[in-house]
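A structural walkthrough
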Amino acid sequence: MICCLEDFMQRLNPVRPLSLLGSIASVASAAIISTGLFGTRAIAQEASATPSTPPPSICASLNADAPTSPVGRFCPKLLQIPVFTVTNADGSPIVTSVPLADGSSQEIGGVFLDPNDAQAFVTSLQERQPELRDQVQVSVLTLAEIYEADRDNHIAHEDPMEFAYVPSRQQLQQAADIFAAQNIEMGDFTGVPLFFATSRASGGYMTIEQDNASVIPVFFDKASLDRLIADFGDGEDFQNSVRYEVLRLERVLQTMQVLETLEQLDRIVDGSDDLAVDDTLIPDLPKMMLPEVLAILSQGESSPLAASIATRLQEDGELSGETPLERVEALLTVELDALITSGTPSPLWQSIREELDAGLGSTLEQVVFFPSPSSVQFIQNLLNGAQG
């Protein structure tokens, strides 16, 4: 896991371009974001009058030719977040090789949440590899495009390239300050921190009204949450009534993948989607679902579902695996195979699905992401330059 820009650069071998996302160097027809404190607005802005390539299909589910794409449920939320990559002159992303502990290496593509970090990475590349001086640049994408490309890459390749989300050191420090104020060990927290607030009294999420609906605002920049809390409610009393919360973007994206893949499994089982199971992420569901099932088990005997899973793990002698994690994955594999074969979910599988939908699914439906002011300003400057 990448902790920050400095860590990302220190672990790199020489870079090379990879044609994964197609030509993305131009911002032509990209979904660019303009955001205010209480609302977001997607702007379709062409950077040139005659783009050389057609725009990428960002939300395939919004296309009549692909009405069942699993990205559809969360794509509009991810479209609101600009991210920054480094590409070569042809628009192909720059891929780096990171050495692993076992002597092998992993190819990764950096995805920066702070445009200044992306520009610093370009500068570093130009200094370390002078032959790239006129061939690398910062390009803008939406998080939806990265999310969709990551999913497709894992379906198509056994050993796929991984995207590394690079947070800003400033936001990591803000997260560390929140943990310290609450006497919580930050531990090995790495990745991109997201900030939101809950009620100290009830534990419920702080919400705002947007488009006549109650939504949960989640920020990539803590200062934006600070301003919302300061302007919300009845001054200091309200500020003292809320609790700052932090979670990782990578964990949120993984949860989205699980929920969407489960929905695609439902469609394949009921015949409304004719894709082959092997052409989806469904075979990976047992491993993908591990964090969610472990969270259910952590509820202990107070949860009937946790008790049912624990009993099955203890009593089913046919489950393989020497460690608890391996046995949980084996249990999910058996349940998944049975569902695909019979077309009918077992009571245990159905209960897990209902738990995930009622909890994580309903919460994510309410979430609205707010990008950092620095990314919004970068894009505004970009658009102003293109229009000039």
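Residues numbered from 1 in each chain as written. Predicted model: local features only at pLDDT ≥ 70, side-chain atom pairs only at ≥ 80, totals over all residues. Heavy atoms only, no water.

Moving on, we get to empty space enclosed by the protein. Per the stated rule, a full pass over the model turns up 2 cavities of 30 Å³ or more. Taken together, Val293, Leu331, Leu332, Glu335, Leu348, Trp349 and Ile352 make up the lining of the second largest cavity. Mapped onto the lining of the second largest cavity, the elements with two or more residues apiece are helix 12 (324-342) and helix 13 (347-366). Among the residues forming the lining of the second largest cavity, the class breakdown is 6 nonpolar, no polar and 1 charged. (1 Å grid on protein atoms, 1.4 Å probe; cavity = no way out; pocket = protein on both sides within 12 Å on 5 of 7 lines; lining within 4 Å. Points joined across faces, edges and corners; volume = space filled by probe spheres on them. Helix = DSSP H or I, 4+ residues; strand = E, 2+ residues; numbered from the N terminus. Nonpolar A, V, L, I, M, F, W, Y, C, P; charged D, E, K, R; others polar.)

The backbone of asparagine 183 shows a phi angle near 55°, a positive value even though the residue is not glycine. Within the secondary structure, asparagine 183 sits in the loop between helix 5 (169-181) and strand 9 (193-199). Positioned with a positive phi, asparagine 212 is a non-glycine residue whose angle comes to about 65°. Note that asparagine 212 resides in the loop between strand 10 (208-210) and strand 11 (213-219). Overall, the relative accessible area of 83% leaves asparagine 212 in the exposed class. (Buried < 20%, exposed > 50% of the residue type's maximum accessible area, 1.4 Å probe, protein only.)

The subject of this paragraph is the packing of aromatic side chains. A ring pair, where both rings are aromatic, is described by two values, the distance of the centres and the angle of the planes. Tallying each qualifying case throughout the model produces 5 aromatic pairs. Relative to phenylalanine 370, the ring of phenylalanine 219 has its centre 5.0 Å away and its plane inclined at 25°; by these criteria the two rings are stacked. Of this pair, phenylalanine 219 sits in strand 11 while phenylalanine 370 sits in strand 13 (residues 367-370), and the two are 151 residues apart along the sequence. Both residues of the pair, phenylalanine 219 and phenylalanine 370, belong to the buried class. (Phe/Tyr/Trp six-rings, centres within 6.5 Å; stacked < 30°, edge-to-face > 60°.)

Overall, the coordinates contain 12 salt bridges when judged by the stated rule. Residue glutamate 329 pairs with lysine 287 through a salt bridge whose shortest N-O separation is 3.5 Å. With glutamate 329 in helix 12 and lysine 287 in helix 9 (residues 285-288), this residue pair connects regions lying 42 residues apart in the sequence. A salt bridge links arginine 312 to aspartate 316; its shortest N-O distance comes to 2.9 Å. (Salt bridge = Lys/Arg side-chain N within 4 Å of Asp/Glu carboxyl O.)

Its place among the elements puts serine 272 in the loop between helix 8 (249-270) and helix 9. A residue is classified by how much of its surface remains accessible, and serine 272, at 46% relative accessible area, is partly exposed. Within polar-contact distance, the side chain of serine 272 engages the side chain of aspartate 270 at 2.7 Å. (Polar contact = N/O pair within 3.5 Å; in protein donor to acceptor, adjacent residues only side chain to side chain.)

Looking now at helix 13. Between the first and last C-alpha of helix 13 there are 28 Å, a value that for 20 residues agrees with the 28 Å anticipated at 1.5 Å per step. Taken as a whole, helix 13 carries its principal kink of about 35° at aspartate 357. The set of residues buried in helix 13 consists of Leu348, Trp349, Ile352, Arg353, Leu356, Gly361 and Leu364. Buried positions along helix 13 lie against helix 2 (75-78), helix 8, helix 10 (290-297), helix 11 (304-315), helix 12 and strand 13. (Expected span 1.5 Å × (residues − 1). Bend = angle between axes of the 7 residues up to and from the residue. Contact = heavy atoms within 4.5 Å.)

Running from N to C, helix 4 (residues 143-156) and helix 8 point in directions that differ by 60°, and their axes come no closer than 12 Å. Regarding the angle of helix 4 to helix 8, the classification is oblique. Handedness of the helix 4/helix 8 crossing: right-handed. Across the interface between the two elements, Leu143, Tyr147, Asp150 and Arg151 from helix 4 touch Leu249, Leu253, Met256, Gln257 and Glu260 from helix 8. The residue makeup of the contact of helix 4 with helix 8, split by class, is 5 nonpolar, 1 polar and 3 charged. (Axes fitted to C-alpha atoms, helices over the stretch in contact; angles between N-to-C directions. Parallel < 35°, antiparallel > 145°, perpendicular 65-115°, else oblique. Left-handed = near helix turned anticlockwise from the far one by under 90°.)

Our next topic: the environment of glutamine 264. Structurally, glutamine 264 can be placed in helix 8. On the basis of relative accessible area, glutamine 264 is assigned to the buried category, the value being 5%. Expressed as a C-alpha distance, the spacing of glutamine 264 and isoleucine 282, which sit 18 residues apart in the sequence, is 8.1 Å.

Function-wise, these values are silent; they only describe arrangement.
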